[in-house]
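For reference, the chains in residue letters:
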Amino acid sequence: LTSYVSRFTSTDGGLTLNPASEVVLLTLPQPYNNHNGGHLTFGPDGLLYVGFGDGGSSNDPEHRAQDTTSLWGTIIRINVGSVPYTIPAGNPFAGNARCDTGTGAAACPEIFAWGLRNPWKFNFDSLTGELYAGDVGQSEYEEVDLLENGGNYGWRIREAAHCNIPAEGCSTAGLTDPIVEYPRSVGQSITGGYVYRGSEISGLPGSYVFGDFSSGRIF
């Protein structure tokens, strides 16, 4: 398996696209058949954000999500206004050579945030511009993260705010806690959602609304 980030041309205002116009911007080989990412979107800054899982299997066996010389376990941020894409100056590792095949000799400049297991949908608050993501857990906890530039969200060292490898006494230096977590007794596969900014439901504006694929619950 390989993940592709590609660019296409539309000649009818986005109703259709021309398959022959594909330009592959970036690839990431997938060593396993799970945790292959779950979303991409343009931010309020006009930049493209793409989520990639840790590569798959159980407990990130090659410790990819903490390895910033690869794009596994990350949210990347790139400027796709040109080909090849360019790196926003504010990215934490801007200035390094692009990792357009998924890995590099130095920390990948595409990375915006890392230490994620399988970020399954993320979206920006339309009022504040804050970026919220649901990150699917391993066996104990699901989590919601407020993603910030340069943030390390701890996987596989921690699952949500709890030590994972090692099970006790893990170092939390430089790691960012989730803003919400819930145990597997409540749900087993988070699906990220949206901050509600509508006016139809009293009391809901400003709340983050998300779901769980396994339990079917909405939170």
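Look a little higher up for the structure.
Within every chain, residues take consecutive numbers counted from 1 along the sequence as written. Reporting of local features is limited, given that this is a predicted model, to residues whose pLDDT is at least 70; pairs of side-chain atoms are given and counted only at 80 or more, and all residues count toward the totals for whole chains, interfaces and linings. Computation of side-chain values: all heavy atoms of the structure, hydrogens and water removed.

Colleague: How do you make sense of the nonpolar core when you look at a structure like this?
Modeller: Looking at soluble globular proteins, one finds that nonpolar side chains tend to be buried together. Only buried Ala, Val, Leu, Ile, Met, Phe, Trp, Tyr and Cys residues count toward a nonpolar core, and they belong to the same one when joined by side-chain atoms within 4.5 Å. A simple rule labels every residue: compare its accessible area, found with a 1.4 Å probe on the protein chains alone, to the largest value its type can have, and call it buried under 20%, exposed over 50%, or partly exposed in between. Within the largest apolar cluster, 19 residues are counted, with the highest numbers of intra-cluster contacts made by Val 5, Leu 26, Phe 52, Leu 71 and Ile 76. Among the secondary structure elements, those contributing two or more residues to this core are β2 (18-29), β4 (48-52), β5 (74-78) and β6 (111-114). Ignoring sequence-local partners within four residues, the contact set of Ile 76 consists of Leu 26, Leu 48, Tyr 49, Val 50, Phe 52, Leu 71, Glu 110, Ile 111 and Phe 112. Residues Phe 122, Ala 133, Leu 147 and Tyr 153 belong to the second largest nonpolar core, which totals 12 residues. Secondary structure is summarised from DSSP: a helix means a run of H or I of at least four residues, a strand means a run of E of at least two, and numbering begins at the N terminus for each. Contacts are assigned to residue pairs with any non-hydrogen atoms lying within 4.5 Å of each other.

Colleague: Sorry if this is basic, but what is going on with the sheet that holds strand β8 (residues 131-135) here?
Modeller: Two orientations exist for strands paired in a sheet by backbone hydrogen bonds: parallel and antiparallel. The strand order across the open sheet built from four strands is β7-β8-β9-β12, with neighbouring strands paired in antiparallel fashion. Either end of the sheet is taken by a strand with one partner, and the two such strands are β7 (119-124) and β12 (180-183). On average, each strand axis in the sheet is tilted by 15° relative to the strand beside it, whichever way the strands run. Inspection of the sheet shows β8 paired to strand β9 (residues 141-147) by five bridges, in the antiparallel sense. Note that in β9 the partner of Gly 134 across the bridge is Val 144. In this scheme, strands are said to pair when DSSP sees at least two bridges between them. Orientation is described by axes fitted as lines to C-alpha atoms, over the contacting stretch for helices, and by angles from 0 to 180 degrees between their N-to-C directions.

Colleague: Any chance you could explain the sheet that holds β4 here in plain terms?
Modeller: One open sheet holds the four strands; their spatial order is β3-β4-β5-β6, and the pairing between them is antiparallel. Both outer strands of the open sheet, β3 (40-42) and β6, are each paired with one neighbouring strand and no more. Averaged over all neighbouring strand pairs, the angle between strand axes comes to 15°, with direction disregarded. Alignment of β5 against β6, held across three bridges, turns out to be antiparallel. From the neighbouring strand, Thr 74 faces β6, where its bridge partner is Trp 114.

Colleague: In this structure, what is going on with the side chain of Glu 143? I would like to understand it.
Modeller: Turning to its location among the elements, Glu 143 is positioned in strand β9. Counted as positive: Lys and Arg. Counted as negative: Asp and Glu. His and the chain ends are not counted at all. The salt bridge definition used is simple: a Lys or Arg side-chain nitrogen within 4 Å of an Asp or Glu carboxyl oxygen. Here Glu 143 is buried and forms no salt bridge, its nearest opposite-charge partner Arg 158 lying at an N-O distance of 7.5 Å. Within the structure, the side chain of Glu 143 is placed 3.0 Å from the backbone nitrogen of Ala 160, a separation counted as a polar contact. Contact partners of Glu 143, with chain neighbours within four places excluded, come to Ala 133, Gly 134, Asp 135, Tyr 153, Glu 159, Ala 160, Pro 178, Val 180, Glu 181 and Ile 190. Between N or O atoms, a polar contact is any pair within 3.5 Å; within protein, one atom must be a potential hydrogen donor and the other a potential acceptor, and residues adjacent in sequence are included only when both atoms are from side chains.

Colleague: Help me understand the environment of Ala 105, please; the structure alone is not making it clear to me.
Modeller: Here Ala 105 is to be found in the loop between β5 and β6. Considering only alpha carbons, one finds Ala 105 and Thr 69, 36 residues apart in sequence, at a separation of 6.4 Å.

Colleague: Please clarify how the packing of aromatic side chains should be interpreted in this entry.
Modeller: To describe a pair of aromatic rings, you give the distance between the ring centres and the angle between the ring planes. Between rings of Phe, Tyr and Trp, where Trp is taken as its six-membered ring, a pair exists when centres lie within 6.5 Å; planes separated by under 30 degrees are stacked, by over 60 edge-to-face, and by other angles tilted. Going through the model one piece at a time under the given rule, you end up with eight aromatic pairs. Arranged with centres 6.3 Å apart and planes meeting at 25°, the rings of Tyr 182 and Phe 210 form a pair that is stacked. Of the two residues, Tyr 182 is situated in strand β12 and Phe 210 in strand β14 (residues 208-212); the sequence distance between them amounts to 28 residues. Residue class for Phe 210 comes out buried when judged on its relative accessible area of 8%. Between the aromatic rings of Tyr 208 and Phe 210, the centroid separation amounts to 5.4 Å while the plane-to-plane angle is 25°, which identifies the pairing as stacked. Each member of the pair Tyr 208 and Phe 210 is classed as buried. Connected via pairs of aromatic rings, a cluster forms that spans Tyr 132, Tyr 182, Tyr 208, Phe 210 and Phe 219. Whether a charge lies above a ring is judged from NZ of Lys or CZ of Arg, which has to be within 6 Å of the ring centre and within 35 degrees of the ring normal. Positioned above the aromatic ring of Tyr 85 is the side chain of Arg 98, whose terminal nitrogen or guanidinium carbon lies 5.4 Å from the ring centre.

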